[in-house]
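A closer look at the structure
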Amino acid sequence: MEKIQKKRETEKQVVGEMIALYCRGHHGTTRKTGLCPECTALRDYAWARSEHCPFMETKTFCVNCKVHCYKPQMREKIRQVMRWSGPRMIFHHPIMAVRHVLSVKQEAKNMKNTER
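Residues numbered from 1 in each chain as written. Predicted model: local features only at pLDDT ≥ 70, side-chain atom pairs only at ≥ 80, totals over all residues. Heavy atoms only, no water.

In this section: the overall build of the protein chain. Regarding its fold elements, the protein chain presents four helices and zero strands. Along the protein chain, helices (α) and strands (β) appear in the sequence α-α-α-α when read from the amino end. Its C-alpha atoms give the protein chain a radius of gyration of 14 Å, near enough to 13 Å, the size a compact globule of 116 residues would have. Along the three orthogonal principal directions, the C-alpha set of the protein chain runs to about 45 × 30 × 25 Å. Looking at the protein chain as a whole, 35% of its 116 residues qualify as buried. Restricting the contact set of the protein chain to residue pairs at least 6 apart, pairs at least 24 apart contribute 72%. Summing over all exposed atoms, the protein chain offers an accessible surface of approximately 7,800 Å²; the carbon and sulfur share of this is 58%. Taken together, the 23 basic and 11 acidic charged side chains of the protein chain have centroids lying 5 Å from each other. (Helix = DSSP H or I, 4+ residues; strand = E, 2+ residues; numbered from the N terminus. Rg over C-alpha atoms; globule rule 2.2 N^0.38 Å. Buried < 20%, exposed > 50% of the residue type's maximum accessible area, 1.4 Å probe, protein only. Contact = heavy atoms within 4.5 Å. Areas by Shrake-Rupley, 256 points an atom, 1.4 Å probe, with all protein chains shown as cover. Lys, Arg positive; Asp, Glu negative; His and termini not counted. Charge placed at Lys NZ, Arg CZ, Asp CG, Glu CD.)

Structure follows, in structure tokens:
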């Protein structure tokens with residue numbers, strides 16, 4: 001159970017940082033001012049999805065999940081955030097970015113091997 005909770009916290013931390021980076025880049029916020037209301041709502045939604053994910057034990061991040069539990073509008077917003085923030089994470093949070101990429105790649109590989 002502790003392992004699952006750690007995975008949830010890691011996922012929430014990564015998505016939170018990506019949303020914060022996007023918000024600073026697109027909405028002019030700063031670390032001091034925090035997120036704008038739109039990005040706060042997206043972060044809270046993403047965190048809630050992570051908290052209630054029934055597949056957390058068998059997957060790392062949502063990108064590897066076969067069931068997409070985000071509403072279409074929120075899914076599109078998070079996709080925009082990831083597309084913009086992903087490449088920039090290496091400059092702002094290099095260790096987190098590398099760990100995330102390695103984790104996603106390893107999980108995708110594991111999922112592919114179990115499907116055979």
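Next comes the rest of the description.
Relative to the assigned elements, Gln73 resides in helix H3 (residues 72-92). In this structure Gln73 comes out as exposed when scored by relative accessible area, which is 56%. As a C-alpha pair, Gln73 and Arg24 span 49 residues in sequence and 21 Å in three-dimensional space.

Between the first and last C-alpha of helix H1 (residues 2-27) there are 36 Å, a value that for 26 residues agrees with the 38 Å anticipated at 1.5 Å per step. Just past H1, the residue Gly28 takes up positive phi, approximately 70°. (Expected span 1.5 Å × (residues − 1).)

Before going further, it helps to spend a moment on the confidence of the model for the protein chain. Residues shown with low pLDDT carry predicted positions that ought not to be read at fine detail. Averaged over every residue, the pLDDT of the protein chain is 88; the share at 70 or more is 93%. Of all the helices and strands in the protein chain, helix H4 (residues 94-115) carries the lowest mean pLDDT, 81, while helix H2 (residues 37-51) carries the highest, 95. (pLDDT = per-residue confidence, 0-100.)

With that out of the way, let us pick up the environment of Cys53. Examined against the element boundaries, Cys53 turns out to sit in the loop between H2 and H3. Under the relative-accessibility criterion, Cys53 is labelled buried at 9%. Distance in space between the C-alpha atoms of Cys53 and Cys69 is 8.5 Å, their sequence separation being 16 residues.

With the rule as written, the count across this model stands at four salt bridges. For the salt bridge of Glu9 with Lys12, the shortest nitrogen-to-oxygen distance reads 3.6 Å. One end of the pair, Glu9, and the other, Lys12, are both in helix H1, three residues apart, so they sit about a helical turn from each other. Glu9 gets classed as partly exposed once you look at its relative accessible area, which sits at 38%. With relative accessibility at 13%, the residue Lys12 sits in the buried group. We note a salt bridge from Arg43 to Asp44, for which the minimum N-O separation is 3.1 Å. A residue is classified by how much of its surface remains accessible, and Arg43, at 21% relative accessible area, is partly exposed. For Asp44, a relative accessible area of 38% puts it in the partly exposed group. The network of salt bridges with shared partners includes Glu9, Lys12 and Glu51. (Salt bridge = Lys/Arg side-chain N within 4 Å of Asp/Glu carboxyl O.)

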